[in-house]
Amino acid sequence: MADTTTETKAQKVERLKREKYAWARFDEIKEFARTGRASVSPEWAGTYLRSWGIYTQGDGVGVIGGKNGEGKSTEYFMVRIRIPNGLLTSGQTRAIADLADRHARGIADITVRQNIQLHWVTVESLPELIETLWSSGLTTIGACGDVARNVTGCPLAGFDAHEFCDASPLALEINRTLGGNADYYNLPRKFKMSITGCRSWCNYPEINDIGFTPVTRRRSRGLETGFSVRVGGGLSTNPHLAVRLNAFVGWNQVVPVARGIAELFRAQDVLRENRERARLKFLFLQHGWTPESFLADLEERIGFKLDPAEQEEVPSDVHRDHVGIHAQKQLGFSYVGANVLSGRITPGQLRLAADLSDQYGDGHIRNTVMQNLVIVNIPDRNAIRVAGELTAAGLPVRVAAFARAAVACTGTEFCKLALTETKGFARWLATELDERIPGFQEQLRINVTGCPNSCGQHWIADIGLEGKKIKQDGKMVDAYYFCIGGSVGEFASIARPVGYRCAATDVPDALERLMNQFTNDRRGGENLRQFFARHSNDDLRSILAGGYTPSVSRDAATTGPVPVGVDA
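Residues numbered from 1 in each chain as written. Predicted model: local features only at pLDDT ≥ 70, side-chain atom pairs only at ≥ 80, totals over all residues. Heavy atoms only, no water.

(A) Representation of the overall build of the protein chain in the model. The helix and strand inventory of the protein chain stands at 16 helices and 20 strands. Taking 2.2 N^0.38 as the reference for a compact globule, 568 residues should give roughly 24 Å; the C-alpha atoms of the protein chain span a radius of gyration of 23 Å, in line with that estimate. Seen through its C-alpha atoms, the protein chain measures out along the principal axes to roughly 70 × 70 × 50 Å. Contacts in the protein chain between residues at least 24 apart in sequence constitute 70% of all its contacts with a sequence separation of at least 6. Within the structure as shown, the protein chain displays about 21,100 Å² of accessible surface, and the carbon and sulfur contribution to it stands at 48%. (Helix = DSSP H or I, 4+ residues; strand = E, 2+ residues; numbered from the N terminus. Rg over C-alpha atoms; globule rule 2.2 N^0.38 Å. Contact = heavy atoms within 4.5 Å. Areas by Shrake-Rupley, 256 points an atom, 1.4 Å probe, with all protein chains shown as cover.)

Dropping the structure here:
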């Protein structure tokens, strides 16, 4: 037997993945349910269950309550439901609502990758929960772990009046090809994919390992729609925007290209040496790869050459959330998008959405990467009625600017890696700002993340708030470090750490100062991104603080090394 006493964390995880194909061992999960939480081995709790979309749940304190950069686990689990392209039926939505009631204390969270997470799940509940999802056409398999994760796409695919094409069939085919496939069970780390045919790139291809975006080219027989492809995007503690390959990917080439990129990733043993440096982006960040060398390797793997890239339309719109009432391409029909502030939704709200979809639509519901919910195919004459019922249930369709802007990760409420509570904070912050600055019209994103891992995607937000702890009046309190000016699309950039942090309770004051300064001093039609760009970090820090203040470093947590995140 090999000596495992000196193996690194990465070596241990790689060994465990080689030793057991966990997707074939549902029998062991059922046995854990029979014998109780104490029977769940560390190998299952820390590695194998993750490939099943299951994480151990933290104790509400977060990382501070543990050691070695990770907080304490409880007897409960978080279960993530994989929802490709964010496509749900009313029946599936009710099934999730019922599971949340029976097994998750009435809590469900829409994630930034169009999944839905349940919390407070006991080991005894896991078999029934998983089998109920299977019977509804849903699964948790591959929602976490070192596998091909959920494929994100435009929730309005097929309905958007301005889309290039409906790419959802390709999203589903990629999901069938790579998701839950034994060939892609043991990747170096998580592998995130997106494809969209919409003009707004609403699923953020810039931060995915693979991002397909629509382009057209002229041929003798007319216009042909295909895709650009970007690779190596990702956030966490080393943010990197995906690089565009010089390739036009035809409709029938998309799945072979996605499979080829996954196989290229799988073959990189150098990425298996360090868990914190194992994503595809590190080929570009640390190992000298270029878009040209990547494309050459890819073409060798797939066995055919790709045509050169075509010019693309890069979106400038920041609001990619699909909130409001909007006309579909189908004459006489609209979609109704409701804001789910910080993604937290109740079983009752899910059932209402399902009922409205059945009563007024065609039984289809969508969720978005901005953690919102959309009901499609509503006859125009009923759209206002549907919007009114959603709003009355706490899912507003007309949304004030800061509530519309807010996104939040799981935070210390359930996550063992977080430093701060995020969900309640984001709701409170949005409410405060909408009350203090009524009528604010500028498009913006305020993303709250509870630790440096950026599960809340703060690196691509206009205002990114990264959770910290500071000492105030002799006590450790939640605090946030400010990263300013992140964006995607035409203004794609990683947010700038500006050297300012403050207690969570002081964040509304700081942002009120910043937004008032923007309103008073903007030049002509200058937008928020242009305003930030023409101000130095010192300028922005002084505005946030209300006067000069020295820069502070964006330090990692002092409790130990920061492990990789559990981003959705």
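(B) Focus on the side chain of Ser228. Inspection of the secondary structure puts Ser228 in strand 9 (residues 222-231). Ser228 gets classed as buried once you look at its relative accessible area, which sits at 1%. Polar side-chain contacts of Ser228 include one of 2.7 Å to the side chain of Arg244. Excluding residues that lie within four positions of it along the chain, Ser228 makes contacts with Gly211, Phe212, Thr213, Val215, Arg244, Ala247, Glu310 and Glu312. (Buried < 20%, exposed > 50% of the residue type's maximum accessible area, 1.4 Å probe, protein only. Polar contact = N/O pair within 3.5 Å; in protein donor to acceptor, adjacent residues only side chain to side chain.)

(C) Structural detail: the pattern of salt bridges. Going through the model one piece at a time under the given rule, you end up with 42 salt bridges. Close ionic contact of Lys17 with Glu14 constitutes a salt bridge, the shortest N to O distance being 3.0 Å. Here the residue Lys17 and the residue Glu14 both occupy positions in helix 1 (residues 9-19), the gap between them amounting to three residues, near one helical turn. Taken individually, Lys17 and Glu14 each receive the classification buried, so the pair is uniform in this respect. Put simply, Arg272 and Glu14 hold a salt bridge, and the shortest N to O gap is 2.7 Å. Residue Arg272 is located in the loop between helix 7 (254-266) and helix 8 (282-285), and its partner Glu14 is located in helix 1; the two are separated by 258 residues in the primary sequence. The buried category is assigned to Arg272, whose relative accessible area is 14%. Members of the salt-bridge network, linked through shared partners, are Glu14, Lys17, Asp146, Arg189, Asp269, Arg272 and Arg275. (Salt bridge = Lys/Arg side-chain N within 4 Å of Asp/Glu carboxyl O.)

(D) Fine view of the state of the cysteines. On inspection of all chains with the given rule, the structure shows zero disulfides. Looking at Cys415, it has no disulfide partner, and the nearest cysteine sulfur is the one in Cys451, 6.1 Å off. For Cys415, a relative accessible area of 11% corresponds to the buried category. (Disulfide = S-S within 2.5 Å.)

(E) Expanded view of the packing of aromatic side chains. Evaluation of the coordinates by the stated rule reveals 22 aromatic pairs. Geometrically, the ring pair formed by Tyr21 and Tyr185 is edge-to-face, given 5.0 Å between the ring centres and 85° between the ring planes. Of the two residues, Tyr21 is situated in the loop between helix 1 and helix 2 (26-35) and Tyr185 in the loop between helix 6 (168-178) and strand 7 (191-195); the sequence distance between them amounts to 164 residues. Three or more aromatic residues joined by ring pairs make a cluster, and in this case those are Phe402, Phe440, Phe518, Phe531 and Phe532. Sitting over the face of the ring of Phe164, Arg199 holds its NZ or CZ atom 3.9 Å from the ring centroid. We note Arg217 situated over the ring of Phe248; from NZ or CZ to the ring centre the distance is 3.8 Å. (Phe/Tyr/Trp six-rings, centres within 6.5 Å; stacked < 30°, edge-to-face > 60°. Lys NZ or Arg CZ within 6 Å of the ring centre and 35° of its normal.)

(F) Quick peek at unusual backbone geometry. In this structure, Asn85 is a non-glycine residue whose phi angle is positive, near 60°. Notably, Ser236 is not glycine yet its phi reads approximately 55°, a positive angle.

(G) Looking closely at the pairing of strand 17 (residues 446-449). In strand 17, alternate side chains face the same way, and those of Ile446 and Val448 on one face and Asn447 and Thr449 on the other are all buried. The pairing of strand 16 (residues 406-408) with strand 17 spans three bridges and is classified as parallel. Bridge pairing in strand 17 links Ala408 to Val448. For the crossover that starts at strand 16, traverses helix 13 (residues 423-436) and ends in the parallel strand 17, the hand is left-handed. The pairing of strand 17 with strand 18 (residues 463-472) spans four bridges and is parallel. Looking across to strand 18, one finds that Asn447 is bridged to Gly464. (Pairing = 2+ DSSP bridges. Right-handed = clockwise from strand over helix to strand, strands pointing away.)

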